[in-house]
Amino acid sequence: MILWLWLCWGFSTSAGQPDSELMARYLEEKLMADYSIMEQVARRVPRQAKFLQRLETRPRMSEFTVKSTIISRYAFTTVSCTMVNSGSEAREGVFEMQIPAAAFISNFTMSIGNKTYYGEVTGKEKKNSSDDKARHKKPPSATDGRENGYETFKASVFIPRKMQARFLLHYEELLQRRLGKYEYTVSIRPQQLVGRLRVEVNILENSGIVSLEVPPLRNSKHKGNGKVEGDVSPPPSTVVGHTKTLAKVTFNPSVVEQTRIARNGILGDFIIRYDVNRELSVGDVQILSGYFVHYFAPTDLPPLPKNVVFVLDSSASMVGTKLKQTKEALFTILQDLRPEDHFNIIGFSNRIKVWQQDQLVPVTPNNIRDAKKYIHNMSPTGGTNINSALQTAAKLLNDYIAQNDIDARSVSLIIFLTDGRPTVGETQSSKILSNTKDAIRDKFCLFTIGIGNDVDHKLLERMALENCGMTRHFQEDEDAASHLKGFYDEIGTPLLSDIRIDYPEDNVEQVTQNFFPNYFNGSEIIIAGKLINHTSDSLHVEVTASNSKKYILLKTDVAIDLPSRNDIRGVPGLEDGKGDKNYIERAWSYLTIKELLKSRLKSDDDQEKDYLMEKAKSMALTYNFVTPFTVLKMREAGVHSEPPQEEFISPSTDGIGEKLQSLQGHKAPPGIRRQQDKQRIKISKTSADGDPHFVIDFPSSKLSVCFNIDGEPGDILRLVSDHKESGVTVNGQLIGAPAPPNGHKKHRTYFSTITILSNKPERSYLEITPKRIILDDGERLLLSCARSAVVRSSNLEVSISANSNITVTIRDTISFVILIHHYKKPAPYQRNHLGFYISNSKGLSADSHGLLGQFLNHEVKLLQESLNTSHQQAGQNQTEALKPNPTNTLKVKGRLIPVVWKQRRIYNGQQEVDCWFAKNNADKLIDGSYKDYLASHPFDTGTSFGMINSL
């Protein structure tokens, strides 16, 4: 077998196939994959071994393993690498690992022969000391250079002959949601073929995992890594399995499969993308052992209009590929602008060139065409005047906001791109920063993009941080056009502005950032904090935000579960976990340190910067994080200490479960009473509820009249019709159910949907079901009935009390209350349904109509009554029932209607009401007949009785 491999190698070389080094490595892998038989192999094939030793001067990597556990977006990653020195002398082994720049290293251990070295996180001194350097090793470090969001961790040691070294690296990160997906990335670049290469990722998301995908390996230098365009299949040997809340992904390529991907062992980035189930609510709040983390990412919101100024570097250094790719990206971005957006373009070098002077123009086909011509004709020349470009852009936006009074109705932003440092005009970074901040004045956000290696990264990063924006950096040789378009997609669809998330001050402390200027589609807001009230059984959460012309308030109480409920034994991927890491506490510490670092970067006060540095350093030491203010020093554990085992430190997952129970607002355990449960509301008796039972209250007559409507399932009843005057129409759609046994009805009907329409001063409508609410006033908003919320605009307010009721107020003069009826264990004749109550009818005109609306401005008179009951007793809703008597007659609109005395149950807080009941589908009580009140569809607005129109 050995002879056959040798002959193949000789033939392949002469035929121009794989080179000798590749074949030698392949032969070495086949012969020496098992370190335990290394000596035997060397004795059996001495000639080949000597030849390999001459070719291969570095230790061989026999094993490279990555194991990760992601719990609720927080990722714990362990990298294990084993190197074997099969040579006759000591050789340097270099362990390199690219890790996300946002990650914190939390542990590192090395074992060389029978010696073990462990990493100790210590505070960084002003002057580096070399006292602890080992004689035969270089200290590990994370390189300063960043490559597209990554840092390179590097450790080198000299490995004695015929011995091995093992490296264990641990790091942690909080995954960020971008473009609607979380992306977890592992760099697989061992720089040689590996006998045992394996990646294993376990994901636990109690909200439910959706859209899990594993794209092909990504090579940052060559986009797509040479794959066929459109290929989205996972890398070879990838296995994906998942349930509703758990997922396991493995990648275990053989040496042959590695060779097909990359001969040099630089395979690329192994990527996993996924999202979780979510709804418009306060979000997902998880609580564990005195800490909480809050994920807020609402969906189904209409986009806000935006006012954007593109500021593009056109200096001489942009010549060639950089400017060409920038133009390509802008052409695509311009096509993605929405009709309600406004924009302008500024090109800058020595001079500042504004496309449209002193204005932002609307998005029209002609304006897009002219903008593309302007961009196409941009040519690189001159220096880089960053300060004047930003001052011009800020003045454009400030003037537009002031002149058009659009501050509350849209989101304004500057997108700034450059490839260099300031060379013309103001060149001092501190002055540029202060000038930019003074010009923007917290009125809008600045997003910065740097291309190439000559940009001032710190300047761009700080400008973005100080002005509520974000920054990105792309390498010159990358596909900049694709990256630019991707970055714009992240910020191109603002959904909310001025988001504030509050918790009771006496319940929490040390809460991370809780105010956010904007929320962009596909992103996520994350807040964490500590609980201080350990006797409380719930945490109250309120979210306020603006969406175009609407103000939104969301609120709920989140149950604080008991540790005894949080048993996760048997969850895949955690069987070997021996650590005791509270993932929520670590997420809180991660976010807190990140914010301290950002605050220090923005600060100009030396005393404040020192305070922030010491605070960040103290927390980093507590949680063993390597940060800019801490350093990893290697300590020798002892000559006879055991080598590090392949133990992957997994977090404590108390608080998770189906076995992982993440606590959301609607999942409060039994025994915890909700403040929102069926609030007692004070409204008028005028209503339609139940089967449906109609009640009309006549306050001045001190009488109540009631009637039933025996409709058919699917019928749409016009309840209020005042479209011509106040512009308001209310329709209710019926759903059917079997009749109770021994009853006189053939079936029951309930309101399944209430539709409220208004066309004054602007067109809007509400469609309400027992589960959700659709609000559309030109922008569609989806709300859950299971979450308390308030949405307010200039003419409309919708207030939701979770699983209880919805109050709709129109122009402060018309109010309707819709009660939500849910059955936990419904009988066959019961259905979840709605009740409709009129709370305030002052804004409805005297000509309003509908089954309820026609009585709002009329009075009723009781002409005759029972001999044993006075008129006054009847008017005061006496409790004793009157005997049916043909002489009981009501006069309404000149018509005489025979009535009987009844007691009717309603749900307005009084539970029961005494009323005069009109039989036979309210014959003679209502104008016309029942069929005259049938609408053709939920949005039918019948302008007057007997006429039909549509909104």
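Residues numbered from 1 in each chain as written. Predicted model: local features only at pLDDT ≥ 70, side-chain atom pairs only at ≥ 80, totals over all residues. Heavy atoms only, no water.

**Structural notes on the overall build of the protein chain**
Then comes step 1: A count of helical and extended segments in the protein chain gives 15 helices and 51 strands.
Then comes step 2: Of all 951 residues assigned to the protein chain, the portion counted as buried reaches 55%.
Then comes step 3: When contacts within the protein chain are restricted to residue pairs at least 6 apart in sequence, long-range pairs at least 24 apart make up 69% of them.
Then comes step 4: Split by element, the accessible area of the protein chain, about 41,900 Å² in all, is 48% carbon and sulfur. (Helix = DSSP H or I, 4+ residues; strand = E, 2+ residues; numbered from the N terminus. Buried < 20%, exposed > 50% of the residue type's maximum accessible area, 1.4 Å probe, protein only. Contact = heavy atoms within 4.5 Å. Areas by Shrake-Rupley, 256 points an atom, 1.4 Å probe, with all protein chains shown as cover.)

**Some remarks on the packing of aromatic side chains**
Aromatic ring pairs are reported here in terms of the distance separating the ring centres and the angle at which the planes meet.
Then comes step 1: Scanning the model with the defined rule gives 26 aromatic pairs in all.
Then comes step 2: Between the aromatic rings of F447 and F487, the centroid separation amounts to 6.4 Å while the plane-to-plane angle is 65 degrees, which identifies the pairing as edge-to-face. Of this pair, F447 sits in strand β23 (residues 445–451) while F487 sits in helix α11 (residues 480–491), and the two are 40 residues apart along the sequence. Neither residue differs from the other here; F447 and F487 are each classed as buried.
Then comes step 3: Taken together, the aromatic side chains of Y74, F76, F104, Y291, W588, Y590, Y623 and F625 make up a single cluster linked through ring pairs. (Phe/Tyr/Trp six-rings, centres within 6.5 Å; stacked < 30°, edge-to-face > 60°.)

**Looking at the packing of helix α8 (residues 386–404) against helix α9 (residues 429–440)**
Then comes step 1: Where α8 meets α9, the closest approach of the two axes is 9 Å, and the angle between their N-to-C directions is 5 degrees. If you check the angle between α8 and α9, you find them roughly parallel. Contacts between α8 and α9 involve I386, N387, L390, Q391, A394 and N398 from the first element and K431, I432, N435, T436, A439 and I440 from the second.
Then comes step 2: Considered class by class, the residues forming the contact of α8 with α9 number six nonpolar, five polar and one charged. (Axes fitted to C-alpha atoms, helices over the stretch in contact; angles between N-to-C directions. Parallel < 35°, antiparallel > 145°, perpendicular 65-115°, else oblique. Nonpolar A, V, L, I, M, F, W, Y, C, P; charged D, E, K, R; others polar.)

**Concerning the packing of helix α6 (residues 321–336) against α11**
Then comes step 1: The N-to-C vectors of α6 and α11 enclose an angle of 35 degrees; their axes lie 8 Å apart at closest approach. Helix-helix and strand crossings are classified by hand; for α6 and α11 the assignment is right-handed. Contact residues: Q325, T326, E328, A329, T332, I333 and D336 in α6; A480, A481, L484, K485, Y488 and D489 in α11.
Then comes step 2: Residue composition of the contact of α6 with α11, grouped by class: six nonpolar, three polar and four charged. (Left-handed = near helix turned anticlockwise from the far one by under 90°.)

**As for helix α12 (residues 583–602)**
Then comes step 1: The end-to-end C-alpha distance of α12, which contains 20 residues, comes to 29 Å, matching closely the 28 Å that a straight helix rising 1.5 Å per residue would cover.
Then comes step 2: When we look at burial in α12, the residues that qualify are Y583, I584, R586, A587, W588, S589, Y590, L591, T592, I593 and L596. (Expected span 1.5 Å × (residues − 1).)

**Some points on the pairing of strand β37 (residues 716–722)**
Then comes step 1: β37 sits mainly inside the fold: seven of its seven residues count as buried.
Then comes step 2: Bridge count for β37 against strand β38 (residues 728–738) is six bridges, and the pairing is antiparallel. Its bridge partner being in β38, I716 is matched across the sheet by Q733.
Then comes step 3: Between β37 and β38, which follow one another and run antiparallel, lie five residues, and G727 among them has a positive phi close to 85 degrees. (Pairing = 2+ DSSP bridges.)

**Section: the nonpolar core**
Then comes step 1: Core analysis: the biggest nonpolar cluster contains 83 residues, and I499, F694, F707, I756, F816 and F836 have the highest contact counts within it.
Then comes step 2: With near-sequence residues (within four places) excluded, I499 lies in contact with F296, N514, F515, F516, P517, N518, Y519, I525, V543, T544 and A545.
Then comes step 3: The next biggest cluster of nonpolar side chains, apart from the first, holds 50 residues, and it includes A155, Y184, I203 and Y274. (Core = buried A, V, L, I, M, F, W, Y, C linked by side-chain atoms within 4.5 Å.)

**Some remarks on the sheet that holds strand β15 (residues 268–276)**
For sheets, the rule is that strands pair by backbone hydrogen bonds, running either parallel or antiparallel.
Then comes step 1: Spatial ordering of the open sheet is given by β9-β10-β15-β12, a layout of four strands whose pairing is antiparallel. At either margin of the open sheet sits one strand with a lone partner, and together these are β9 (177–178) and β12 (209–213).
Then comes step 2: Here seven bridges tie strand β10 (residues 181–188) to β15, and the two strands are oriented antiparallel to one another. Its bridge partner lying in β15, T185 is registered against I271.

**Quick notes on the pattern of salt bridges**
Then comes step 1: Counted under the stated rule, the structure contains 36 salt bridges.
Then comes step 2: One salt bridge in this structure joins D275 and R177, with 3.0 Å as the shortest N-O distance. Residue D275 is located in strand β15, and its partner R177 is located in strand β9; the two are separated by 98 residues in the primary sequence. Across the pair, exposure class does not vary: D275 and R177 are buried alike.
Then comes step 3: Its salt-bridge partner being R772, residue E767 comes within 3.5 Å of it at the nearest N-O pair.
Then comes step 4: For R772, a relative accessible area of 27% translates into the label partly exposed.
Then comes step 5: Through salt bridges with shared partners, one network takes in R73, R177, E205, D275, R278, D284 and E524. (Salt bridge = Lys/Arg side-chain N within 4 Å of Asp/Glu carboxyl O.)

**Let's talk about the state of the cysteines**
Then comes step 1: A complete count under the given rule lists two disulfides for this structure.
Then comes step 2: Shown here is the disulfide that connects C445 with C468, its sulfur atoms set 1.9 Å apart. The sign of the S-S torsion, about -105 degrees, decides the handedness of the disulfide formed by C445 and C468: left-handed. Here C445 is found in strand β23, whereas its partner C468 is found in the loop between α10 (457–466) and β24 (471–474), with 23 residues between them in sequence.
Then comes step 3: On the accessibility criterion, C445 (2% relative accessible area) is buried.
Then comes step 4: Using a relative accessible area of 32% as the deciding quantity, one classes C468 as partly exposed. (Disulfide = S-S within 2.5 Å.)

**Comments concerning a negative patch on the surface**
Then comes step 1: Together, D605, D606, E608 and D610 make up a region of like negative charge exposed at the surface.
Then comes step 2: Looking at the secondary structure, you find D605 in the loop between α12 and α13 (606–623).
Then comes step 3: Take D605: its relative accessible area is 39%, and that puts it in the partly exposed class. (Patch = residues over 30% accessible without salt bridge, like charges linked within 9 Å, V, L, I, M, F, W, Y side chains within 5 Å. Lys, Arg positive; Asp, Glu negative; His and termini not counted. Charge placed at Lys NZ, Arg CZ, Asp CG, Glu CD.)

**Structural notes on the sheet that holds strand β16 (residues 284–288)**
Then comes step 1: Ordered in space as β16-β17-β28-β26, the four strands form an open sheet in which the pairing is antiparallel. Each having just a single partner strand, β16 and β26 (508–509) make up the two edges of the open sheet.
Then comes step 2: Direction of pairing for β26 relative to strand β28 (residues 525–531): antiparallel, over a ladder of two bridges. For E509, the partnering residue across the bridge sits in β28 and is K530.
Then comes step 3: Against the sheet, α12 makes contact with β16, β17 (291–296) and β28, and its axis sits at roughly 115 degrees relative to β28, the strand it touches most.

**Some details on the environment of Q325**
Then comes step 1: Within the element layout of this structure, Q325 appears in helix α6.
Then comes step 2: Of the residues examined, Q325 reaches a relative accessible area of 13% and is grouped as buried.
Then comes step 3: It is 8.7 Å that separates the C-alpha atoms of Q325 and L484, two residues lying 159 residues apart in sequence.

**As for unusual backbone geometry**
Then comes step 1: At the junction of D691 and P692, the peptide bond is cis and its omega measures out at -10 degrees in the coordinates.
Then comes step 2: By the element assignment, P692 lies in the loop between β34 (687–689) and β35 (693–698).
Then comes step 3: The residue after K760, namely P761, is reached through a cis peptide bond having omega -5 degrees.
Then comes step 4: On the secondary structure map, P761 appears in the loop between β39 (747–758) and β40 (764–768).

**Observations regarding the confidence of the model for the protein chain**
Then comes step 1: The share of residues in the protein chain with pLDDT of 70 or more is 78%, and the mean pLDDT across the chain is 79.
Then comes step 2: Segment residues 128–138: pLDDT under 50, and 17 contacts once partners within four positions in sequence are set aside and those in other chains are kept.
Then comes step 3: Under a pLDDT of 50 for its full length, residues 143–147 has, in the predicted model, 11 contacts with residues more than four places off or in other chains. (pLDDT = per-residue confidence, 0-100.)

**Some thoughts on helix α7 (residues 365–376)**
Then comes step 1: In this model α7 runs 17 Å from its N-terminal to its C-terminal C-alpha over 12 residues, within 8% of the 16 Å that 1.5 Å per residue would give.
Then comes step 2: Among all positions of α7, only N367, I368, A371, Y374 and I375 are buried. Mapping the buried residues of α7 onto a view down its axis gives an arc of 120 degrees, with all of them on the same face. Away from its buried face by more than 90 degrees, α7 exposes P365 and H376.
Then comes step 3: Elements in contact with the buried residues of α7: α6, β19 (342–348), β20 (352–354) and β21 (361–362). (Arc of directions from axis to C-beta.)

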